[in-house]
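# Structural overview
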Number of protein chains: 2
Amino acid sequence: MTQQLIGAIEAGGTKFVAALADETGSILARTRIATRTPQECFPELTEFFRAAAADHGPIAAFGVASFGPIDIDPLSPTYGTFTTTPKPGWSGARFHDVLGSFGAPVVVDTDVSGAALGEWLAGAGQGCTTLAYTTVGTGIGTGVLRAGKSLMGFSHYEAGHIPVPRDAAVDSFGGHCPFHRDCLEGLASGPAIIARWGKSLSELDDPAAIDLIADYIAVLAANLILLHMPDRLIFGGGVMKSPALLAAVRRKTETRIAGYIKAPQLDAGLERYIAAPALGDDAGITGAIALGRSALA
Amino acid sequence: MTQQLIGAIEAGGTKFVAALADETGSILARTRIATRTPQECFPELTEFFRAAAADHGPIAAFGVASFGPIDIDPLSPTYGTFTTTPKPGWSGARFHDVLGSFGAPVVVDTDVSGAALGEWLAGAGQGCTTLAYTTVGTGIGTGVLRAGKSLMGFSHYEAGHIPVPRDAAVDSFGGHCPFHRDCLEGLASGPAIIARWGKSLSELDDPAAIDLIADYIAVLAANLILLHMPDRLIFGGGVMKSPALLAAVRRKTETRIAGYIKAPQLDAGLERYIAAPALGDDAGITGAIALGRSALA
């Protein structure tokens, strides 16, 4: 039996992780590249995969879990291409261009759907039929899986930009989103928190601040429940690393749902229902490997 | 070739429509039953289908598009059963019990997914890969189709209960939802409008009232876009019959999205993107027939 090898890329706003894995998901080689322009990053990726293939054998498929906005529709002529992003140089960059020379199929999905897939296979989402993975960090985004396949419409979802109720008497911050000012991302993303308080939630260590941000994140949790009915919600990303935030999100979400949804999935206190990632920083690359594996015959 | 006949039920809060159709969807017999308790409605349904089958031939499959909450998971042991509803007598009632004696498969989905399917096949949703159909009436609900199949999580969606931003300085109405007070359904459903103004939007004929309700409905439109990315949004139901409301929803939704989503689907003014139903009152029964057809070999 010939071992088929998988090239995997987790493309984040800060760093790229690239790995060569075997069919079981065991990583044979791995590197980390700082995110700059595609002109700088793409040659380093090519070089890594060339060297890894020389050491271990030819690559049979690639899986990419990437930041967006990016075309993730396999039937689209621009599949794998970044669309209109303010990130310098990335609009129009295409993963198939950099990886095409290897002659292997390339499967591209979002970073959040990749993380969802990783957690579904090996982490906090095991056993779920419908799973929502949300990152709250530099941006806010959600990937939803159904039976291990990520859902999309004409594009991937953009959960970060949902409107959120605010009490102007309690919160007079103007918001940080260049499009919507006080959408969820404009209020609860890492940069919005810095713009508001000059420091991160962890540095602040203020229960009132945690409650305020948790209330906004709970609006997304409620919307995800009402519009997707997932078996579990996972919340990862830098902002969620603040102690007490996840517990506050559980509390605020329970208040928002107010007993309306009765299902065994929604346990008392939502302790199991709203979960932290179990794979930590490995969810993304685990998901990218799984995306690549899905292209193997 | 033997013609296979389909029994179809559109189960609404006010009325049931039952029909016998052939495989092409042509209706051979049709009746209308006022919604009361299942003890009253179910025997009338049985009698209608018995008589229709005696006239036209045996029924090969049933399709049901029903109000909820109802178990729509074909793999569930309680598939087709109403769950916890305040509607007297309906909790625990099951379509398979009333239709089981015909010995034909029974496919059950929500009224909104049924209407979505009808519009997708023959109405305003033709050509869409992802389609969201929302009713704004006694309740508010949304069904989302992907390639003609309705999406669900552990249950059907409950779009009516999403949280909505409100400006307390503009709107001091307490809200009408027994669970959440001022969720979308508590502000913009037919009964909420009556509770607030003592008359319907059409009777009021007040541009400010239409703008206020449109703003709330646009929050759902924005959430559906950001969390489902449908190719089109259809808004039906009694409240949407108010002239000028759909146009106001388009305007408010465009303001909410604020140019963030760039896609050919979202045309200027959202004239095509946010549509009225084309089948009118026939969408539900058309969808129910299609649900039944899906069970034919």
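Fair warning: this is a prediction, and the values are worked out from it, not measured in the lab.

Definitions and cut-offs
- Numbers given to residues run from 1 along each chain, matching the order in which its sequence is written.
- For this description, chains carry letters from A and ligands carry numbers from 1, given in the order in which they are written.
- Only residues with pLDDT of 70 or above have their local features reported here, since the model is predicted, and side-chain atom pairs are shown and tallied only from 80 upward, although totals for entire chains, interfaces and linings are computed over all residues.
- Where side-chain values are given, they derive from all heavy atoms of the structure, hydrogens and water being excluded.
- For the exposure calls, accessible area comes from a 1.4 Å probe over protein chains only, and a residue counts as buried if that area is under 20% of its type's maximum, exposed if over 50%, partly exposed in between.
- Secondary structure elements follow DSSP: runs of H or I no shorter than four residues count as helices, runs of E no shorter than two count as strands, and numbering proceeds from the N terminus.
- It is the directions from the helix axis to the C-beta atoms whose arc is reported.
- Whether two residues are in contact is decided by their heavy atoms, any of which lying within 4.5 Å being enough.
- Accessible area, probed at 1.4 Å, shrinks when two parts are joined; the buried area is that loss added up over both.
- Pairs of N or O atoms are called polar contacts if they sit within 3.5 Å, as long as, within protein, a hydrogen donor faces a hydrogen acceptor (for residues adjacent in sequence, only side-chain-to-side-chain pairs).
- Three classes are used, and their members are as follows: Ala, Val, Leu, Ile, Met, Phe, Trp, Tyr, Cys and Pro are nonpolar, Asp, Glu, Lys and Arg are charged, and the others, Gly among them, are polar.
- The pocket and cavity definitions rest on a 1 Å grid over protein atoms only: a 1.4 Å probe that fits but cannot leave marks a cavity, an open set with protein on both sides within 12 Å along at least five of seven lines marks a pocket, and residues lining either have an atom within 4 Å of a point.
- Grid points are joined across faces, edges and corners, and a volume is the space filled by probe spheres set on the points.
- Pairing between two strands requires that DSSP report at least two bridges joining them.
- All axes here are fitted lines through C-alpha atoms, helices being fitted over the stretch that makes contact, and every angle between N-to-C directions spans 0 to 180 degrees.
- Superposing the copies works by least squares over the C-alpha atoms of residues that have pLDDT at least 70 in both of them.

Another point: helix H5 (residues 190–197) of chain A. All names here are of chain A. Of all the positions in H5, only Gly190, Ala192, Ile193 and Arg196 are classed as buried. All buried residues of H5 lie within an arc of 160° about the axis, which places them on one face of the element. Contact partners of the buried residues in H5: helix H4 (184–188), helix H6 (201–204) and helix H7 (207–228). Looking at the residues trailing H5, positive phi occurs at Gly198, about 75°.

Listed by partner, the interface residues are 40 residues for chain A and 40 residues for chain B. Taken together, both faces of the contact between chain A and chain B bury some 3400 Å²; the carbon and sulfur share is 68%. There are 17 residue pairs in polar contact (both at pLDDT 80 or more) connecting chain A and chain B. Every element with two or more residues in the side of chain A that touches chain B is listed here: H7 and helix H8 (245–257) of chain A. Of the residues that constitute the side of chain A that touches chain B, the class distribution is 24 nonpolar, ten polar and six charged.

The next thing to look at is empty space enclosed by the protein. All names here are of chain B. If you walk through the whole model with that rule in mind, you get two cavities of 30 Å³ or more. One number sums up the size of the largest cavity: a volume of about 50 Å³. Forming the boundary of the largest cavity are Ile72, Thr110, Val112, Ser113, Thr142, Gly143, Val144, Leu151, His156 and Tyr157. At the level of secondary structure, the elements contributing two or more residues to the lining of the largest cavity comprise helix H3 (111–122) and strand E7 (140–146). Ranked by residue count, the leading element in the lining of the largest cavity is E7, at three residues.

Quick look at unusual backbone geometry now. In this structure, the amide linkage connecting A:Gly68 to the following residue, A:Pro69, adopts the cis form with an omega of 0°. Along the polypeptide, A:Pro69 turns up in the loop between strand E4 (59–66) and helix H2 (95–99). For A:Leu270, which is not glycine, the phi torsion reads 55° and is therefore positive. Here A:Leu270 lies in the loop between H8 and strand E10 (274–275). When its relative accessible area of 2% is taken as the criterion, A:Leu270 is described as buried. We note that B:Met229 has phi near 50°; this positive angle belongs to a residue other than glycine. As for its placement among the helices and strands, B:Met229 is situated in the loop between helix H7 (207–228) and strand E9 (232–236).

Residues and elements named next belong to chain B. Strand order in the open sheet formed by five strands is E8-E7-E6-E9-E10, and the pairing between neighbours is mixed. Strands at the two margins of the open sheet, each flanked by one partner only, are strand E8 (149–150) and strand E10 (274–275). Relative to E9, strand E6 (residues 130–136) runs parallel, the two being bridged by five bridges. The residue of E9 that forms the bridge with Leu131 is Arg232. In the packing of H3 onto the sheet, contacts are made with E6, E7, E8 and E9, and the angle to E7 comes to roughly 50°.

It is worth spelling out the sheet that holds strand E8 (residues 149–150) of chain A at this point. Residues and elements named next belong to chain A. In space, the five strands of this open sheet follow the order E8-E7-E6-E9-E10, with mixed pairing throughout. Each having just a single partner strand, E8 and E10 make up the two edges of the open sheet. For strand E7 (residues 140–146) and E8, the ladder comprises two bridges, and the chain directions are antiparallel. Within the sheet, the bridge partner assigned to Arg146 lies in E8 and is Lys149. Taken strand by strand, helix H3 (residues 111–122) contacts strand E6 (130–136), E7, E8 and strand E9 (232–236), and its axis lies near 50° from that of E7.

The next point concerns the relation of the copies chain A and chain B. With an axial shift of 0.0 Å and an RMSD of 0.0 Å, the rotation relating chain A to chain B amounts to 180°. Both chain copies can therefore be described as sitting about a two-fold axis. It is A:Pro165 whose C-alpha, among those of chain A, lies nearest the rotation axis, at 1.8 Å.

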